[in-house]
Amino acid sequence: MNKYVSLIMDIEKSKTYGISARNEMQHYIDKCIKNLNRLFNEEIQCEVTFSAGDEFQGLFNDVATALMYYRLFEMLIKPVKIRAGIGIGDWTIKMERGLSTQQDGPAYYNARQAIKEVHSMQLQNIRICSDKDDTLANHLINASLPLKRQQIYMQNIVQVLVELLFPFASVYIDLDRQDSVKELIAIKFEYRLGAKMGGLYSRRNIVMEQKYLNLNEIPDALPIYIDGKIADVESTIIKKNTAMIISEILQCSRQNVASIMRRGNLNKIRELDYVALQYVKKNYGGSRWN
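Along each chain, residues carry numbers from 1 onward, in the same order as the chain's sequence is written. This being a predicted model, a pLDDT of at least 70 is required before a residue's local features are given, and a value of 80 or more before pairs of side-chain atoms are given or counted; all residues contribute to the totals for chains, interfaces and linings. Only heavy atoms go into the side-chain values, all of them from the structure, while hydrogens and water stay out.

Attention now goes to the overall build of the chain. A run of DSSP states H or I qualifies as a helix once it reaches four residues; a run of E qualifies as a strand once it reaches two. Both are numbered from the N-terminal end. On a plain count of helices and strands, the chain comes out with 11 helices and nine strands. In the chain, which comprises 290 residues, the share counted as buried stands at 55%. Here, two residues are considered to be in contact whenever any of their heavy atoms come within 4.5 Å of each other. Here the contacts in the chain between residues at least 6 apart in sequence split such that 76% fall between residues at least 24 apart. As presented, the chain carries roughly 13,800 Å² of accessible surface, and 48% of it is formed by carbon and sulfur atoms. Exposure categories follow from relative accessible area, calculated using a 1.4 Å probe and restricted to protein chains: below 20% of the type maximum is buried, above 50% is exposed, and the middle band is partly exposed. All accessible areas in this document rest on Shrake-Rupley with a 1.4 Å probe, and a residue is counted as covered only by the protein chains that are shown.

To continue, consider the nonpolar core. Only buried Ala, Val, Leu, Ile, Met, Phe, Trp, Tyr and Cys residues count toward a nonpolar core, and they belong to the same one when joined by side-chain atoms within 4.5 Å. Counting residues in each nonpolar core, the largest one holds 76 residues, and the members touching the most others are Met9, Tyr69, Phe73 and Val158. Considering each element in turn, this core owes the most residues, 11 residues, to helix α2 (residues 63-76).

In helix packing, the relevant descriptors are the interaxial angle and the interaxial distance, both defined with respect to the helix axes. Only the stretch in contact is used when fitting a helix axis, every axis being a line fitted to C-alpha atoms; angles between N-to-C directions are given from 0 to 180 degrees. Contact geometry of helix α1 (residues 19-39) with α2 gives a least axis separation of 11 Å together with a crossing angle of 150°. Relative to α2, the crossing made by α1 is right-handed. For the pair α1 and α2, contact is made by Tyr28, Ile29, Cys32, Ile33, Leu36 and Asn37 and by Tyr69, Leu72, Phe73 and Leu76, respectively. Any residue that is not Ala, Val, Leu, Ile, Met, Phe, Trp, Tyr, Cys, Pro, Asp, Glu, Lys or Arg is counted as polar, Gly included; the first ten are nonpolar and the last four charged. For the contact of α1 with α2, the class distribution of residues is nine nonpolar, one polar and no charged. Put simply, a crossing is left-handed when the front helix is turned counterclockwise from the back one by less than a right angle, and right-handed when it is turned clockwise.

Attention shifts here to α2. One less than the residue count of a helix, multiplied by 1.5 Å, gives the span that helix is expected to have. Between its terminal C-alpha atoms α2 stretches 20 Å, which fits the 20 Å expected from 14 residues at 1.5 Å a residue. Across the 14 residues of α2, 14 count as buried, placing the element largely inside the fold. Polar contact is defined as a pair of N or O atoms within 3.5 Å, subject to the rule that within protein one atom must be able to donate a hydrogen and the other to accept it, and that residues adjacent in sequence are counted only when both atoms are side-chain atoms. The backbone nitrogen of Ala64 has a side-chain oxygen 3.1 Å away, supplied by the residue at the start of α2, namely Asp62.

Moving on, we come to the pairing of strand β2 (residues 44-52). Examined bridge by bridge, β2 and strand β3 (residues 55-60) share five bridges and lie antiparallel to one another. Each bridged residue has a counterpart across the sheet, and for Phe50 the counterpart in β3 is Phe56. Any two strands are treated as partners once DSSP identifies two or more bridges connecting them. Between the end of β2 and the start of β3, which pair antiparallel, lie two residues, with Gly53 showing a positive phi angle near 60°.

Another point: α1. Over its 21 residues, α1 runs 30 Å from end to end, which matches the ideal 30 Å to within 8%, given 1.5 Å per residue. Listing the buried residues of α1 in full gives Met25, Tyr28, Ile29, Cys32, Ile33, Asn35, Leu36, Asn37 and Leu39.

Once that is clear, we can look at the environment of Asp10. Here Asp10 lies in strand β1 (residues 4-11). Exposure remark for Asp10: the relative accessible area of 10% places this residue in the buried category. In this structure the C-alpha to C-alpha distance between Asp10 and Phe56, which are 46 residues apart in sequence, comes to 6.3 Å. Leaving out residues up to four positions away in the same chain, Asp10 has contacts with Asp54, Glu55, Lys81, Ile82, Arg83, Ile115 and His119. Side chain to side chain, Asp10 and His119 meet in a polar contact 3.1 Å long.

In this section: the sheet that holds strand β5 (residues 126-129). Reading across from one edge, β2-β3-β1-β4-β5 is the order of the five strands in this open sheet, with mixed pairing throughout. Bordering the open sheet on either side are β2 and β5, each of which pairs with just one other strand. Going across the sheet, the axis of each strand differs from the next one's by a mean of 15°, ignoring polarity.

In this section: the packing of aromatic side chains. Whether two aromatic rings pair depends on their centres lying within 6.5 Å, for rings of Phe, Tyr and Trp, where Trp uses its six-membered ring; planes under 30 degrees apart make the pair stacked, over 60 edge-to-face, and the rest tilted. Evaluated as defined, the whole model comprises five aromatic pairs. Ring geometry for Phe50 versus Phe56: centroids 5.5 Å apart, planes at 85°, classification edge-to-face. You can call Phe50 partly exposed: its relative accessible area is 25%. For the ring pair Phe168 and Tyr274, a centre distance of 6.0 Å and an interplane angle of 40° mean the geometry is tilted. Of the two residues, Phe168 is situated in strand β6 (residues 168-169) and Tyr274 in helix α11 (residues 266-284); the sequence distance between them amounts to 106 residues. With respect to class, Phe168 is no different from Tyr274; both count as buried. Linked through ring pairs, Phe40, Phe60 and Tyr69 together constitute an aromatic cluster. Any Lys NZ or Arg CZ that is within 6 Å of a ring centre and within 35 degrees of that ring's normal is treated as a charge sitting over the ring. Its guanidinium or amino end placed over the ring of Tyr284, Lys132 lies 5.4 Å from that ring's centre, counting from NZ or CZ.

In this section: the pairing of β3. Across the six residues that make up β3, a large majority, six, are buried. Along β3, one buried face is formed by Glu55, Gln57 and Leu59 and the opposite face, lined by Phe56, Gly58 and Phe60, is buried too.

The next point concerns the side chain of Asp273. Positionally, Asp273 belongs in helix α11. Overall, Asp273 belongs to the buried group, its relative accessible area being 3%. A distance of 3.1 Å separates a polar atom in the side chain of Asp273 from a polar atom in the side chain of Lys148.

Turning our attention to the confidence of the model for the chain. Known as pLDDT, the predictor's per-residue confidence is scaled from 0 to 100. With 83% of its residues at a pLDDT of 70 or more, the chain has an overall mean of 84. Per-element confidence in the chain ranges from a low mean pLDDT of 34 for strand β8 (residues 200-201) to a high of 97 for helix α4 (residues 135-140). Every residue in residues 197-208 is under pLDDT 50, and counting partners more than four places away or in other chains gives 18 contacts.

This is how it looks when you write it as structure tokens:
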């Protein structure tokens with residue numbers, strides 16, 4: 001029997017947000033999820049959707065793809081913090097054309113166990129639970145967490161742009177993704193989560209307005225494939241002219257973007273996540289390889 005991958009996510013300390021903030025987050029998250037579901041459609045069995053309150057879940061063919069979905073979603077909704085559990089196992093109760101919330105089986109039980117474990121941890125915000133020894137995988141997939149948590153608003157913005165322009169991708173992912181990429185960039189600026197401090201927009205960093213975005217300058221994505229083979233990491237993840245491309249989208253100087261990338265540890269985050277994704281792909285595979 002094929003193994004499937006359940007991804008369950010929830011918002012940390014969701015009850016501390018006021019009604020207005022929660023409403024805004026719900027609308028923003030809904031838009032993010034719809035676009036991410038299109039981006040990762042080829043490896044999704046049941047689309048990610050809201051399940052209960054501030055929890056959302058989906059069912060994937062492939063562990064690495066579920067992890068790629070989570071890490072991009074995590075960056076998109078920063079500074080709102082999320083946790084997640086990834087469960088690997090059988091999909092035994094199948095509701096044809098039903099939502100993920102209508103499905104069940106060991107993949108879902110393991111995801112529940114994983115996110116339950118995350119709730120009591122400080123150094124991890126996502127865990128994998130399977131019939132293997134998941135210890136090393138769980139350390140690797142959380143290795144970049146401290147660096148991500150340190151990022152400020154514009155560092156996060158540039159990180160998201162890099163991730164969409166040079167995405168980590170499964171070989172099965174459809175690269176006809178420009179509409180979804182543009183939509184994700186536009187709504188990231190539209191909602192500006194994390195840009196406000198004390199009710200005012202922070203002037204400590206560059207504050208970009210959506211109307212100044214030059215979405216016509218977004219080139220076709222150049223994917224970095226996750227196939228279980230770790231190539232020379234630095235030459236794989238560091239792409240020429242990245243700062244220039246992003247500066248044209250944001251309509252600011254290349255030097256400014258390069259400084260943001262350096263201070264935000266963007267390449268180090270991608271290095272750590274690339275190694276983690278390749279390890280997960282090599283050791284857990286996916287249903288297409290069974």
